[in-house]
Amino acid sequence: MTTAIEPTKPVGLERSCATASSGDWIRTAPDGEGIERIEAFFSGHAYDTHRHDTYAIGYTISGVQSFDYRGAQRDSTPGDLIVLHPDELHNGRAGIESGFRYRMAYVEPGLIMAALAGRASAMPFIGNAVCRDGSLMRALVGLLGDVGHGLEPLERDAAVGALAEALLKLDPSCGLDGAETPAMRACERARDFLSESRDEAIDSTQLEAITGLDRYALARQFRRRYGTSPHHYLVMRRLERARLLIRQGEELAEAAAASGFADQSHMTRHFRKAYGQSPGRWRAMQVGDRPEAA
């Protein structure tokens with residue numbers, strides 16, 4: 001069972017706006033693959049219902065951050081931690097008229113599992129999506145304390161290690177009983193292949209040949225270790241590539257073609273499902289420097 005952590009007490013909230021404001025913004029840290037760190041501000045509607053294949057872990061800086069997750073509304077206030085698990089549907093909006101500001105790290109489960117090698121057989125699961133925990137907050141300070149610069153390699157490793165340790169402490173039930181299994185190693189081979197071949201059409205026969213597992217066993221083991229299906233993992237790697245190109249100034253159609261999508265509309269459909277926004281809105285909200293007032 002997951003170790004109990006202090007849930008946030010419910011607060012009285014005003015109804016939030018249904019549309020986005022022109023004052024909303026997202027600042028994305030210049031990091032490499034595997035981790036994305038953002039700081040953002042929204043005054044009303046933030047994200048449509050979506051799911052991604054990463055942990056989303058962060059905290060609210062100001063205002064009230066409201067979202068629906070696992071069948072209930074959650075409300076995060078300043079100092080609260082937010083822990084969303086891979087492949088879990090959620091959305092986002094302001095809980096009060098003044099909006100909310102927050103920082104979030106999107107971390108691939110593979111990085112967490114690598115940091116816990118030999119100590120965990122499955123991803124840690126935290127039951128309270130909005131909570132308070134000293135160890136987890138200290139880990140996030142190292143990861144999100146400054147989103148204005150890219151993480152250096154040693155800094156990145158230390159931050160991921162601290163985050164993994166905090167998650168394992170909160171969910172000791174995911175601990176490893178015995179040595180690493182062949183199925184775990186097969187999943188790692190599949191993940192590496194998908195990451196390297198994200199621009200190519202890949203079918204289950206190829207993954208079966210690479211891993212030695214049949215497609216159904218691989219799907220079960222892959223989800224247990226990385227929180228999503230092999231196909232969704234591949235789509236997310238393509239979307240990561242597309243977002244990088246869009247930030248660099250590529251037109252949406254060119255970014256779609258260069259990232260392995262059939263066309264712009266194909267990319268847009270997956271973009272909305274993964275991020276809760278259209279590529280155009282996401283691009284318009286990107287800022288290079290944190291606004292002085294929000």
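Scroll up for the structure.
Counting from 1, residues in each chain are numbered in the order their sequence is written. This being a predicted model, a pLDDT of at least 70 is required before a residue's local features are given, and a value of 80 or more before pairs of side-chain atoms are given or counted; all residues contribute to the totals for chains, interfaces and linings. Values reported for side chains reflect all heavy atoms of the structure, with hydrogen atoms and water molecules removed beforehand.

**Quick look at the overall build of the protein chain**
Then step 1. For the protein chain, the helix and strand inventory stands at ten helices and eleven strands.
Then step 2. Per-residue burial for the protein chain yields a buried fraction of 51% across its 294 residues.
Then step 3. By definition, residues are in contact when any of their heavy atoms lie within 4.5 Å. A separation of at least 24 residues holds for 76% of the contacts in the protein chain among residues at least 6 apart in sequence.
Then step 4. Accessible surface, the protein chain: about 13,300 Å² in total, of which carbon and sulfur atoms supply 50%. Think of it this way: any DSSP run of H or I at least four residues long counts as a helix, any run of E at least two long counts as a strand, and we number them from the N terminus. Throughout this description, buried means an accessible area under 20% of the type-specific maximum (1.4 Å probe, protein chains only), exposed means over 50%, and partly exposed covers the range between. Areas reported here follow the Shrake-Rupley algorithm with a probe of radius 1.4 Å; residue values treat only the protein chains shown as occluding.

**What to know about the sheet that holds strand β4 (residues 45-50)**
Then step 1. With antiparallel pairing, the four strands of this open sheet are ordered in space as β4-β9-β6-β7. The sheet is open, and its two borders are formed by β4 and β7 (72-76), each paired with just one other strand. Within the sheet, the average angular offset between the axes of one strand and its neighbour, ignoring direction, is 20°.
Then step 2. Here β4 runs beside strand β9 (residues 90-94); their pairing, made up of three bridges, is antiparallel. From the neighbouring strand, histidine 45 faces β9, where its bridge partner is arginine 93. In this scheme, strands are said to pair when DSSP sees at least two bridges between them. Axes, fitted as lines to C-alpha atoms, cover a helix only where it is in contact. Angles between the N-to-C directions of the axes lie from 0 to 180 degrees.

**As for the environment of isoleucine 38**
Then step 1. Relative to the helices and strands, isoleucine 38 is located in strand β3 (residues 35-42).
Then step 2. Taking the C-alpha atoms as reference points, isoleucine 38 and isoleucine 26, twelve residues apart in sequence, are found 6.8 Å from one another.

**A look at the pattern of salt bridges**
Then step 1. Basic side-chain nitrogens of Lys or Arg form a salt bridge, by our definition, when they fall within 4 Å of a carboxyl oxygen of Asp or Glu. For the coordinates displayed, the defined rule picks out 17 salt bridges.
Then step 2. We note a salt bridge from arginine 281 to aspartate 24, for which the minimum N-O separation is 3.9 Å. In this pair, arginine 281 sits in helix α10 (residues 279-285) while aspartate 24 sits in the loop between β1 (6-7) and β2 (25-28), placing the two residues 257 residues apart along the sequence.
Then step 3. Aspartate 24 gets classed as buried once you look at its relative accessible area, which sits at 6%.
Then step 4. With its nearest N and O atoms 2.2 Å apart, the salt bridge here joins glutamate 36 to arginine 243. One end of the pair, glutamate 36, is in strand β3; the other, arginine 243, is in helix α7 (residues 230-247), with 207 residues separating them in the sequence. Arginine 243 carries the same exposure label as glutamate 36, and that label is buried.
Then step 5. The network of salt bridges with common partners includes Asp53, Glu108, Arg191, Asp192, Arg237 and Glu240.

**A closer look at helix α4 (residues 182-196)**
Then step 1. Multiply 1.5 Å by the residue count of a helix minus one, and that product is the helix's expected span. Look at α4: 21 Å from first C-alpha to last across 15 residues, which is about the 21 Å you get at 1.5 Å a residue.
Then step 2. Regarding α4, the residues found buried are Ala183, Met184, Ala186, Cys187, Ala190, Arg191, Phe193 and Leu194.

**With respect to the packing of α4 against α7**
Then step 1. For the pair α4 and α7, the least separation of the axes is 9 Å and the interaxial angle reads 35°. As α4 packs across α7, the resulting crossing turns out to be right-handed. Judged by residue contacts, Arg191, Leu194 and Ser195 of α4 engage Pro230, Tyr233, Leu234 and Arg237 from α7.
Then step 2. Among the residues making up the contact of α4 with α7, the classes are represented as four nonpolar, one polar and two charged. Less than a right angle of anticlockwise turn of the near helix away from the far helix marks a crossing as left-handed, whereas a clockwise turn marks it as right-handed. Residues were grouped as follows: Ala, Val, Leu, Ile, Met, Phe, Trp, Tyr, Cys and Pro as nonpolar; Asp, Glu, Lys and Arg as charged; and all remaining residues, including Gly, as polar.

**Some remarks on the packing of aromatic side chains**
Any two aromatic rings considered together are summarised by their centre-to-centre distance and by the angle between their planes.
Then step 1. Stacked, tilted and edge-to-face are the three classes applied to pairs of Phe, Tyr and Trp rings, where Trp contributes its six-membered ring and a pair requires centres within 6.5 Å; stacked means planes under 30 degrees apart, edge-to-face means over 60, and tilted covers the rest. Enumeration over the complete set of coordinates arrives at eight aromatic pairs.
Then step 2. Pairing phenylalanine 222 with tyrosine 233 gives two aromatic rings, centres 5.8 Å apart and planes at 75°, and the pair type is edge-to-face. Taken together, the residues span a long stretch of sequence, with phenylalanine 222 in helix α6 (residues 215-226) and tyrosine 233 in helix α7 at a distance of eleven residues.
Then step 3. Judged by its relative accessible area of 4%, tyrosine 233 falls in the buried class.
Then step 4. A connected cluster of aromatic rings, assembled from ring pairs, spans Phe42, Tyr47, Phe100 and Tyr102.
Then step 5. The ring of tyrosine 233 carries arginine 237 above its face, with NZ or CZ at 4.3 Å from the centroid.
Then step 6. Only lysine NZ and arginine CZ atoms are considered, and such an atom sits over a ring when it is within 6 Å of the ring centre and within 35 degrees of the ring normal. When the ring centre of tyrosine 275 is taken as reference, the NZ or CZ atom of arginine 243 above it lies at 3.9 Å.

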